[in-house]
Amino acid sequence: TSILEPAGARLPLRALRVWLLATAALLLGLAGPPAAAQQLLPVPPLARVTDTAGALAPEAKRALDEKLAAFEKAHGSQVAVVVVPSTQPEPIEDYAHRIGEAWKIGRKGVGDGLLIVVAKDDRRVRIDVARALEGAIPDVAAKRVIRENIAPAFQRGDYAGGLNAGLDRLFGLI
């Protein structure tokens, strides 16, 4: 027996230690499944317009694609739109970054790409710009475009209208 553990108290103290360790593990999240075990949304195949949420009618999706192609032809900058139901368990910022890293939007050596990610059910929108466009579209300008041009139409359920209004404003800044 130990000085700290009287002979008759051996079992209760051992049980208390196990209980304390289990409680600490639960509080720290160590006993649950690791975050990496949660499935992240896969990066979709490269396209100017991707809509896995079904937010855009086929003709609206086609019109957006044509608009983005025309802008790229006229100005060189590449713009892509991704609409998903949700990015959970990942924040929209991380998901947008993964898409940008995988797709390498923008001209090689210029880095003038722009990505709009919409997580419809999460009610979140993210505009990511490549380095060459950071001066033309800083974070504050991107947030203003979302707040003033995209969000009002989205609140009415008009996703094509919100994306078109946002793109028109962004095209004016590029």
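Just above sits the structure.
This text gives an overview of the structure that appears in the document. Only a predicted model underlies this, so the values are computations on that prediction, with no experimental measurement involved.

What about the packing of aromatic side chains?
Logical step 1: Under the definition given, this model contains 2 aromatic pairs.
Logical step 2: Between the aromatic rings of Phe71 and Phe171, the centroid separation amounts to 3.8 Å while the plane-to-plane angle is 5°, which identifies the pairing as stacked. Of this pair, Phe71 sits in helix 2 (residues 58–75) while Phe171 sits in helix 5 (residues 159–173); the two residues are 100 residues apart in sequence, bridging distant segments of the chain. There is no split in this pair, since Phe71 and Phe171 are both buried.
Logical step 3: Here the aromatic rings of Phe154 and Tyr159 are separated by 4.6 Å at their centres, their planes lie at 45°, and the arrangement is tilted.
Logical step 4: Taking the relative accessible area as the measure of exposure, Tyr159 reaches 15% and is therefore buried.

Concerning helix 2
Logical step 1: Across its 18 residues, helix 2 extends 26 Å between first and last C-alpha, which sits within 8% of the 26 Å expected from 1.5 Å per residue.
Logical step 2: All of the buried residues in helix 2 are Ala60, Leu64, Leu68 and Phe71. The arc enclosing the buried residues of helix 2, seen along the axis, measures out at 75°, which places them on a common side. Of the residues in helix 2, the exposed ones pointing more than 90 degrees away from the buried face are Pro58, Glu59, Glu66, Lys73 and Ala74.
Logical step 3: Buried-residue contacts for helix 2 involve strand 1 (49–51), strand 2 (78–84) and helix 5.
Logical step 4: Just beyond helix 2, the residue with positive phi is Gly76, at close to 95°.

Points about the nonpolar core
Logical step 1: Ranked by size, the top nonpolar core spans 28 residues in total, and within it Leu114, Ile116, Ile127, Leu163 and Leu167 carry the most contacts.
Logical step 2: Of the residues forming this core, the biggest block, 6 residues, is contributed by helix 5.
Logical step 3: Apart from the residues lying within four places of it in its own chain, the contact partners of Leu167 are Leu64, Lys67, Leu68, Val79, Val81 and Ile116.

About the cut-offs
- Each chain has its residues counted from 1, running along the sequence as written.
- The predicted nature of this model means local features are confined to residues of pLDDT at least 70 and side-chain atom pairs, given and counted, to a pLDDT of 80 or more, with totals for whole chains, interfaces and linings taken over all residues.
- Calculation of side-chain values draws on the structure's entire complement of heavy atoms; hydrogens and water are dropped beforehand.
- Only Phe, Tyr and Trp rings are paired, with Trp represented by its six-membered ring, and only when their centres lie within 6.5 Å; those with planes under 30 degrees apart are stacked, over 60 edge-to-face, the remainder tilted.
- Helix numbers and strand numbers start at the N terminus; a helix is a DSSP run of H or I with at least 4 residues, a strand a run of E with at least 2.
- For each residue, the accessible area found with a 1.4 Å probe, counting protein chains only, is set against the maximum for its type, and the residue is called buried under 20%, exposed over 50%, and partly exposed in between.
- For a helix, the expected span equals 1.5 Å multiplied by the number of residues minus one.
- As used here, the arc belongs to the directions running from the helix axis to the C-beta atoms.
- By definition, residues are in contact when any of their heavy atoms lie within 4.5 Å.
- To form a nonpolar core, buried Ala, Val, Leu, Ile, Met, Phe, Trp, Tyr and Cys residues must be joined to one another through side-chain atoms within 4.5 Å.

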